[in-house]
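Coordinate inspection notes
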Amino acid sequence: MKNFSEKVFEVVRKIPRGETLSYKEVARRAGNTKAARAVGAVLRTNFDPKIPCHRVIRSDACLPEGRGLGGYNRGAKQKIKLLEKEKAVWGS
DNA sequence: CATTTGACGCCAA
DNA sequence: TTTGGCGCCAAAT
């Protein structure tokens, strides 16, 4: 049994290239479906290039850019760029 | 140790 | 359909 943050790191690390998971999904895999918020808090605090946190997006990311895909410790701009580069498709 | 903040999500009006 | 409010969890102050 690991701490929530550790589980989150594992799940995010397991995300295959070109795939995207919502915070809710990651939280669910981590053990708490309602901990979507906590997932963001952990990812924001812990920097780690081994963890493609840019593949973790909001559930309502399909909405107008006003909300964006969520934040990113390296800049939301970079996050979107990476997703596009990975040919990842999330909503639409 | 208690309180506030925040990369979220869903329900109600 | 769009806007507002509530709930949940973990980390920071």
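**Digging into helix α2 (residues 23–30)**
- Taken together, the buried positions of α2 are occupied by Y23, V26, A27 and A30. Looking down the long axis of α2, one finds its buried residues gathered within 100 degrees of arc, a one-sided arrangement.
- Buried residues along α2 sit against α1 (4–13), β1 (21–22), α3 (36–45), β2 (56–57) and α4 (76–85).
- G31 sits one or two residues past α2 and shows a positive phi near 125 degrees.

**A few points about the protein's contact with DNA strand B**
- Taken together, the neighbourhood of DNA strand B is formed by 15 residues, with Y23, L43, R44, R58 and S59 sitting nearest.
- Considering DNA strand B, the proportion of its atoms within 4 Å of the protein that are sugar or phosphate atoms stands at 42%.
- With respect to DNA strand B, the side chain of R58 contributes an N or O atom lying 2.7 Å from a phosphate oxygen.
- Secondary structure elements with two or more residues in the surface near DNA strand B: α2 and α3.
- Looking at the surface near DNA strand B, its residues break down into six nonpolar, four polar and five charged.

**Structural notes on the environment of L83**
- Summarising the element assignment, L83 is placed in helix α4.
- Taking relative accessible area as the criterion, L83 reaches 0% and is therefore assigned buried.
- With 64 residues separating them along the chain, L83 and E19 place their C-alpha atoms 8.6 Å apart.
- Dropping the residues within four chain positions of it, L83 is found in contact with T20, H54, R55, I57, L69, A88 and W90.

**A look at a positive patch on the surface**
- Residues K77, K81, K85 and K87 make up a contiguous surface patch of positive charge.
- Tracing the backbone through its elements, the reader meets K87 in the segment after α4.
- Taking the relative accessible area as the measure of exposure, K87 reaches 63% and is therefore exposed.

**With respect to the pattern of salt bridges**
- Considering all chains together, one arrives at five salt bridges under this definition.
- Residue E10 pairs with K2 through a salt bridge whose shortest N-O separation is 3.1 Å.
- In this structure, E86 engages R17 in a salt bridge whose closest nitrogen and oxygen atoms are separated by 3.4 Å. Pair noted here: E86 is in the segment after α4 and R17 is in the loop between α1 and β1, with a separation of 69 residues, a long-range link.
- What makes E86 buried here is its relative accessible area of 16%.
- A single network of salt bridges, built from pairs that share partners, joins K2, E10 and K14.

The rules behind each value
- Residues numbered from 1 in each chain as written.
- Chains lettered and ligands numbered in written order.
- Predicted model: local features only at pLDDT ≥ 70, side-chain atom pairs only at ≥ 80, totals over all residues.
- Heavy atoms only, no water.
- Buried < 20%, exposed > 50% of the residue type's maximum accessible area, 1.4 Å probe, protein only.
- Helix = DSSP H or I, 4+ residues; strand = E, 2+ residues; numbered from the N terminus.
- Arc of directions from axis to C-beta.
- Contact = heavy atoms within 4.5 Å.
- Near = heavy atom within 4 Å.
- Polar contact = N/O pair within 3.5 Å; in protein donor to acceptor, adjacent residues only side chain to side chain.
- Nonpolar A, V, L, I, M, F, W, Y, C, P; charged D, E, K, R; others polar.
- Patch = residues over 30% accessible without salt bridge, like charges linked within 9 Å, V, L, I, M, F, W, Y side chains within 5 Å.
- Areas by Shrake-Rupley, 256 points an atom, 1.4 Å probe, with all protein chains shown as cover.
- Salt bridge = Lys/Arg side-chain N within 4 Å of Asp/Glu carboxyl O.
- Lys, Arg positive; Asp, Glu negative; His and termini not counted.
- Charge placed at Lys NZ, Arg CZ, Asp CG, Glu CD.

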